[in-house]
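Listed below are the residues making up each chain.
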Amino acid sequence: MVGVPARKPIDPAQARAAVLAVADWIRDDASPRPQRPAVAAAVRLTARTLEDIAPGNSVEVRVPPFVAVQCVPGPRHTRGTPPNVVETDARSWLRLATGLDDFDDAVADGRVSASGHRASEIVPVLPLIRI
């Protein structure tokens, strides 16, 4: 059986640079949307930073179409839809990841879908990168 190589940890400077490249759009919805590769880099690097900071398999964070990561220590899910899922769009994720939005407020107004009693366990590690 061939093992999957371990993923290299995210470089914090690289993640910060990716976020800063789209910071105007994150802060201001009237700002033009950056090009897709710039948004993808910021989303993927912040989500993988979350995965590095809170390793585990209890919560799945999804930001379609860019990334899905599993994080938070605890029971591992192995088949089907995980019981604890956080799902949102790219801009809403980046606003959470940078501390510009509150998780509970984003869930309450429908920008973030959080299912399962452990979904909110990502909150203690947010924000990941302040801008």
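Let me begin by describing the structure that accompanies this report.

Cut-off values and rules
Residue positions are given per chain, counting from 1 as you read along its sequence in written order. For this predicted model, a pLDDT threshold of at least 70 governs which residues receive local features, and a threshold of 80 or more governs which side-chain atom pairs are given and counted, while totals over whole chains, interfaces and linings are taken from all residues. The basis for the side-chain values is all heavy atoms of the structure; hydrogens and waters are excluded. Summary of the burial criterion: residues with accessible area below 20% of their type's maximum are buried, those above 50% are exposed, and those between are partly exposed, where the area comes from a 1.4 Å probe applied to protein chains only. Strands are runs of DSSP state E lasting at least 2 residues, helices are runs of H or I lasting at least 4, and numbering of each runs from the N terminus. The arc refers to the directions leading from the helix axis to the C-beta atoms. Throughout, a residue-residue contact means that at least one pair of heavy atoms, one from each residue, lies within 4.5 Å. Here a helix's expected span is defined as the number of its residues, less one, multiplied by 1.5 Å. One requirement defines pairing of two strands: DSSP has to find at least two bridges between them.

**A few points about helix α1 (residues 12-21)**
- Of all the positions in α1, only Ala 15, Ala 18 and Val 19 are classed as buried. Viewed end-on, α1 has its buried residues packed into an arc of 95 degrees, placing them on one side of the element. Exposed residues lying more than 90 degrees from the buried face of α1 are Ala 13 and Ala 21.
- Packing partners of the buried residues in α1 comprise α2 (23-27) and α3 (36-53).

**Comments concerning α3**
- An ideal rise of 1.5 Å per residue puts 26 Å on 18 residues; α3 measures up with 26 Å between its terminal C-alpha atoms.
- All of the buried residues in α3 are Val 39, Ala 40, Ala 42, Val 43, Leu 45, Thr 46, Ala 47, Thr 49 and Leu 50.
- Buried residues in α3 make contact with α1, α2, β1 (59-63), β2 (67-71) and α4 (90-97).

**Some thoughts on the pairing of β1**
- Judged by how many residues are buried, β1 sits mostly within the fold: 4 of 5 residues are covered.
- Pairing analysis gives 5 bridges linking β1 to β2, with the strands arranged antiparallel. Within β2, the residue paired with Val 59 across the bridge is Cys 71.
- Note that β1 and strand β3 (residues 85-88) share 3 bridges and pair parallel. When the bridges of β3 are listed, Arg 62 appears paired with Glu 87.

**Concerning the environment of Gly 56**
- Its location among the elements puts Gly 56 in the loop between α3 and β1.
- On the basis of relative accessibility, which here comes to 23%, the residue Gly 56 falls in the partly exposed class.
- Spatially, the C-alpha atom of Gly 56 lies 20 Å from that of Phe 66, the residues being 10 residues apart in sequence.
- Residues contacting Gly 56, with those up to four places away along its chain left out, are Gln 70, Cys 71, Val 72 and Pro 73.

**Points about the side chain of Thr 49**
- Among the secondary structure elements, Thr 49 is positioned in helix α3.
- Ignoring sequence-local partners within four residues, the contact set of Thr 49 consists of Ile 10, Ala 15 and Leu 128.

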